[in-house]
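# A look at the structure
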Amino acid sequence: MRRKGSGIHKNVDNPPSLGYREILIVAFRNLSRHRVKTVTTTLGVAVSVALYIFMDAWLLGMNLDSKRNIVSYEIGAAKIQTQAYFEKKDDLPMYESFTDWKPLVEVLEKAGYAAAPRMVFTGTLYARSGSAPIVFHGVDPEKESRVLRYRNYMEVGRFPDKGTYEIALGLLAAEKLKLDIPRRITEEELLRLIEDTARTPEEGAFIRRLYENSDNRQKDLTRDRAPLSQEKLSYFLRKDLPRSDLDRYWELLLSSGRNDVRISTVIDIKEETGKIRHVYQVMEAKVVGIVNSPNPKTNGNVAFMPLDVLSGEEGLLLEDRVTEILVRAAGAKDSDLPGPEETPEAIEGVLNRAGVPLPSPLRVYGWQEYVKDYIVAARGDNITTRVMILLLFILSFLGIANTMLMAILERTKEIGMMRALGMTDGELILSFMIEAGMIGLMGGVAGMILGSLANIPMVNHGIDYSTMARELSGDFGYRITALFRSAWNPGTIIGSGIVATLVSALLSIPPTLRALRIPVTESLRFE
Amino acid sequence: MTVVEAQNLVKDYSTNGLTVPALRGISLSFERGEFAAIVGPSGSGKSTFLHLVGCLDVLTSGEIRIEGTDISTLSQKELAFLRRQKIGFIFQAYNLIPVLTALENVSFPLTLLGVDRKEAKRMAEVALATVGLEGMGNRKPKEMSGGQQQRVAIARALVKQPSLVLADEPTANLDSKTGSEILELMLSLNRTHGTTFLFSTHDKMVMEYARRLVYLRDGIVEGEERR
Ligand SMILES: Nc1ncnc2c1ncn2[C@@H]1O[C@H](COP(=O)(O)OP(=O)(O)OP(=O)(O)O)[C@@H](O)[C@H]1O
Ligand SMILES: [Mg+2]
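Note that the coordinates shown come from a computational prediction; the quantities given were computed from them, not determined experimentally.

Residues I167(A), L169(A), I207(A) and Y249(A) are the most contacted members of the largest nonpolar core, which totals 68 residues. Among all residues touching I207(A), those that are not within four sequence positions of it are L190(A), L193(A), I194(A), T197(A), A198(A), Y249(A) and L252(A). Counting residues in each nonpolar core, the second largest holds 67 residues, with I389(A), L23(B), A36(B) and I71(B) among its members.

Once that is clear, we can look at the sheet that holds strand β1 (residues 2-15) of chain B. Residues and elements named next belong to chain B. Reading across the sheet, the 4 strands line up as β2-β1-β4-β5 and stay open at both edges, with antiparallel pairing between neighbours. Two strands lie at the open edges of the sheet, namely β2 (18-31) and β5 (69-70), each paired on one side alone. As paired strands, strand β4 (residues 61-66) and β5 are joined by 2 bridges and run antiparallel to one another. For R65, the partnering residue across the bridge sits in β5 and is D70.

Attention shifts here to the packing of helix α3 (residues 102-112) of chain B against helix α4 (residues 117-130) of chain B. All names here are of chain B. In the contact formed by α3 and α4, the axes pass within 8 Å of each other and the chain directions differ by 120°. Overall, the two elements α3 and α4 adopt an arrangement that is oblique. Between α3 and α4 lies a crossing whose hand is right-handed. Residues A102, L103, V106, S107 and L110 of α3 lie in contact with α4, whose contacting residues are A120, K121, M123, A124, E125, A127 and L128. Class assignment of the residues belonging to the contact of α3 with α4 gives a composition of 9 nonpolar, 1 polar and 2 charged.

With 44 residues of chain B in contact, the opposing surface of chain A contributes 36 residues. Taking both partners together, chain B and chain A bury about 3800 Å²; carbon and sulfur atoms supply 63% of that area. For the pair chain B and chain A, the interface holds 2 salt bridges. Where E427(A) meets R84(B), a salt bridge forms, and the shortest distance between an N and an O atom there is 2.4 Å. Taken together, the elements giving at least two residues each to the side of chain B that touches chain A come down to α2 (76-86), α3, α4 and α5 (146-158) of chain B. By residue number, the principal contributor to the side of chain B that touches chain A is α2(B), which donates 8 residues.

Calculation notes
Residues numbered from 1 in each chain as written. Chains lettered and ligands numbered in written order. Predicted model: local features only at pLDDT ≥ 70, side-chain atom pairs only at ≥ 80, totals over all residues. Heavy atoms only, no water. Core = buried A, V, L, I, M, F, W, Y, C linked by side-chain atoms within 4.5 Å. Buried < 20%, exposed > 50% of the residue type's maximum accessible area, 1.4 Å probe, protein only. Contact = heavy atoms within 4.5 Å. Pairing = 2+ DSSP bridges. Helix = DSSP H or I, 4+ residues; strand = E, 2+ residues; numbered from the N terminus. Axes fitted to C-alpha atoms, helices over the stretch in contact; angles between N-to-C directions. Parallel < 35°, antiparallel > 145°, perpendicular 65-115°, else oblique. Left-handed = near helix turned anticlockwise from the far one by under 90°. Nonpolar A, V, L, I, M, F, W, Y, C, P; charged D, E, K, R; others polar. Buried area = accessible area lost by both parts, 1.4 Å probe. Salt bridge = Lys/Arg side-chain N within 4 Å of Asp/Glu carboxyl O.

Have a look at this one:
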């Protein structure tokens, strides 16, 4: 045995350094001492890390998705409104409208934006079967569809044409007023419907063929909403009907006059003097389409109709008034949130450079302004979910803490021996931290892989929520109805692995400190 | 050169408010290359003495110098480093690290000293050969007999060439034939390397090997014998 020069007999106050590789080996071998326990503890960590990653991706996806929804179906990137309107926007103060919008829209369109003027007002819609309060949107059909996408989601029928007294109605209002295609009717109702609608026997037979008897449908009953008594559940619209049949049926319903409605509203116009003039107005119209978009706000008690006829004498005498102009970059992708060229500042800048600055009462407001409450609520939701997952984390970490406690207790004698051999307390703490950290790391990595694997289908395909959303009457707070997808969050994926490793390592410290409080001579005697 | 110099060692244990005197004033010194046995009946203070000399426990009063250093002046950490560099331990129950192989157990003290891995492995192989365990380096402790495990422990204590090897009843768990073999080994290492050995025993046969015998009784030195 030859000593290796300077390596060994150093001075006491010049401490030699420890071979960390050996500590790693010892830690690793110790982990394989109790394989089952190591594996279960690791699995516990893996499951919580995976769940956290999965839930986080879900929440992020939900958040992004609902923001995209709000932008694509409700607001666009920004709104131009009078400041007074914006401040009272929850009351829909139509008297805070403005007239000089045409040059603004022109400039914006030239500068590569889509701009859609709108007049929003409230009123009552009267149909044959009843009435409902509705928020009406007077829109320019072409300009509107360049900013928002709900037009692409007509449940049935079409969007109103310019210059007509036509209405597209939200699905819920249409169902309430019995203006949509009847999906479930009694035999009696079906006969009356055929009588009212069919002009020829062939048309009558056509309509009859669209329905099937409830006997064939027993299994599917659970899919439908309001439970009706058995005798009444007689006829159901067939599920597998081609679009062309539905369109023909819809046209028959329209021409029967069934969808003719009356709009009754009070128009408020602010005089130069500041006094508000109320004008009672009634207008005949026809519901030609039903909207059912991925954003529940377009599917409720809302109606869309051409702005131009509202301005005219037959309409509401609005004299070209609008309450807002929606702005979005032309050709913006639905999958993207508004970019830097769509901020209020950027839009104002474009108007200023074109020499058409916004008149004094008008302002540009970014989309976030309209969803502040919603964003706060969504964040709150995130927090509760996160707290729940955190509890799960704590549980799995208790597992690690317990495993380490047992391991350290069991090795009391070994610890005494290692201290006798000259290992310092710090080195022992470190070696147990490495051992526990390895459990955390293995669990963390497994969890990262598991969570990411679970995310792949959720991100690429998502979950189709449309039926469920309708059954819950459309609004869960989150604006998601059609399809929900998770979103990747690399920060969380990497972060949760790191946190799992670090927390596990830290959890080994208390039991190690406890073991180190036992005098060496005592622990050597320990059995 | 004096390796261990103990003066007036007193060690009291207090359990449940009762003070148990374990050592009651012991003065002994050991020179380099000694092969000495601490003997005495059970409870006489043999283990206590070895623990104190091995810097594993704190004195009640008195003074211990290891190669001239007064250990009462050292911090916990410095004591650990002193043990790491100068003292080898052989325990009655072998106390090998169960998850490491024989070779890894032997090289462990070297890695604590920061010896390069290849060099540590080479030195550990030499040490294993010296204790007669050539080729058994890959075995885990539980795959070896008690005598073999104690040989590994001896190799582990000696591999770093310590100034002092302390062994508390190293043969108590072994049959007498294996016990004498272990003593033969220790003695031959003492001769060839000049390592200072200090061991305790109450086994007559083991005492035969010692060149110096220190008799303890009730915490004091009752007598000494040199051969
Ligand atoms: N941790 C302790 N707490 C209290 N008393 C102790 C402790 N350790 C030793 N003693 C007491 O100190 C005295 C000396 O004990 P020690 O273990 O040194 O004896 P020993 O000579 O090694 O005995 P044995 O041959 O049985 O190993 C005994 O009376 C013992 O009871
Ligand atoms: Mg003893």
